Amino acid sequence: MKKSLICILILFMSLQVNAQKADSTQVVRKNDVRLMLTDLINNAYHFNYERLVGKQLSVGLGVGIKSEEGLIRLSGLDTEHVKTSDLDYSGFKIVPEVRYYFKKSTLYAMDGFYIGAYGKYSRFKSELFGTYINDADESFIIDFDANIRVFSAGLLAGYKLRITPRIVMDFIIAGPGLGFYRFSFKQKSDLLPDEFYEDLNEALDNYSLFDFINSDFEFKRVDTRSRFTVPSFRYGISVGYSF
């Protein structure tokens with residue numbers, strides 16, 4: 001995905017060379033509104049507003065909403081004892097950010113290469129549903145509601161291409177950071193035996209989603225809340241309008 005994004009950026013930059021010339025009489029438009037195109041494939045709608053507050057400095061705020069349907073789905077567990085359906089999730093995110101545009105690459109206001117910093121708050125809901133079979137061949141229903149809150153912060157670098165004086169495309173090329181996750185669970189089914197949590201944690205040991213979680217993380221009957229920290233990364237392509 002990242003390689004494709006860079007190739008598209010290079011293509012558009014080559015087109016811009018012949019399409020734009022620096023013009024000192026150009027009207028400076030201090031506002032951008034954008035739609036994140038890459039989020040649409042996961043049935044998420046992410047809108048950004050950006051405001052120029054200095055010659056090369058801007059602040060922005062993004063808001064995104066996601067429904068349960070989408071291209072990205074987490075595969076369910078399928079072991080001898082624990083079998084669950086695929087995991088869907090829905091929720092929202094809020095992303096404030098600040099950007100600095102390099103003067104040498106700027107033809108109009110808020111375009112060209114930039115670096116910046118961002119924060120992100122996300123909140124999602126999901127369900128874990130399936131069947132647990134213990135060593136005595138007894139069957140139990142797995143039915144949990146999950147609430148996930150994520151606080152992320154990091155740096156970003158990218159390029160904003162001005163197609164016309166009013167139409168822009170924004171490429172976030174790199175956005176490394178850290179994500180602080182908080183999970184809470186509510187059991188809706190009948191009481192599960194103690195060995196269920198041991199078998200569930202053993203099943204999750206081989207689940208790629210948890211590769212970066214520290215070894216102290218595990219599900220327990222007496223603790224329905226968990227937290228951990230993992231690396232996060234932002235990238236994407238958006239199209240917008242300046243005014």
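Visitor: Which residues make up the overall build of the chain, and what values do they have?
Guide: Of the regular secondary structure elements, the chain holds two helices and eleven strands. The order of helices and strands in the chain, counted from the N terminus, is α-β-β-β-β-β-β-β-β-β-α-β-β. Looking at the chain residue by residue over its 243 residues, the buried ones come to 43%. Within the chain, contacts between residues at least 6 apart in sequence are counted, and of these 69% link residues at least 24 apart. Of the roughly 13,900 Å² of accessible surface on the chain, 59% is carried by carbon and sulfur atoms.

Visitor: Account for the pattern of salt bridges, with residues named and values stated.
Guide: Per the stated rule, a full pass over the model turns up 14 salt bridges. The salt bridge partner of E97 is R234, with a shortest N-O separation of 3.1 Å. Here E97 is found in strand β5 (residues 89-101), whereas its partner R234 is found in the loop between β10 (225-233) and β11 (236-242), with 137 residues between them in sequence. Of the two residues, E97 and R234, both sit in the buried class. In this structure, K188 engages D143 in a salt bridge whose closest nitrogen and oxygen atoms are separated by 3.7 Å. Placement of K188 in the loop between β9 (176-187) and α2 (194-204) and of D143 in strand β7 (residues 139-162) is noted, with a sequence separation of 45 residues between them.

Visitor: Please provide a residue-by-residue account of the environment of H81, values included.
Guide: You can see H81 is positioned in the loop between β3 (57-66) and β4 (82-84). Taking the C-alpha atoms as reference points, H81 and D137, separated by 56 residues in sequence, lie 9.1 Å from one another. Setting aside its immediate chain neighbours within four residues, H81 contacts T131, Y132, I133, N134, D135 and D199. A distance of 2.6 Å separates a polar atom in the side chain of H81 from the backbone oxygen of I133.

Visitor: Any chance you could break down α2 for me, citing the residues and the numbers?
Guide: Along α2, the residues classified as buried are F196, Y197, D199, L200, N201, A203 and L204. Considering only its buried residues, α2 is in contact with β4, β6 (112-133), β7 and β9.

What counts, and where the lines are drawn
Residues numbered from 1 in each chain as written. Predicted model: local features only at pLDDT ≥ 70, side-chain atom pairs only at ≥ 80, totals over all residues. Heavy atoms only, no water. Helix = DSSP H or I, 4+ residues; strand = E, 2+ residues; numbered from the N terminus. Buried < 20%, exposed > 50% of the residue type's maximum accessible area, 1.4 Å probe, protein only. Contact = heavy atoms within 4.5 Å. Areas by Shrake-Rupley, 256 points an atom, 1.4 Å probe, with all protein chains shown as cover. Salt bridge = Lys/Arg side-chain N within 4 Å of Asp/Glu carboxyl O. Polar contact = N/O pair within 3.5 Å; in protein donor to acceptor, adjacent residues only side chain to side chain.

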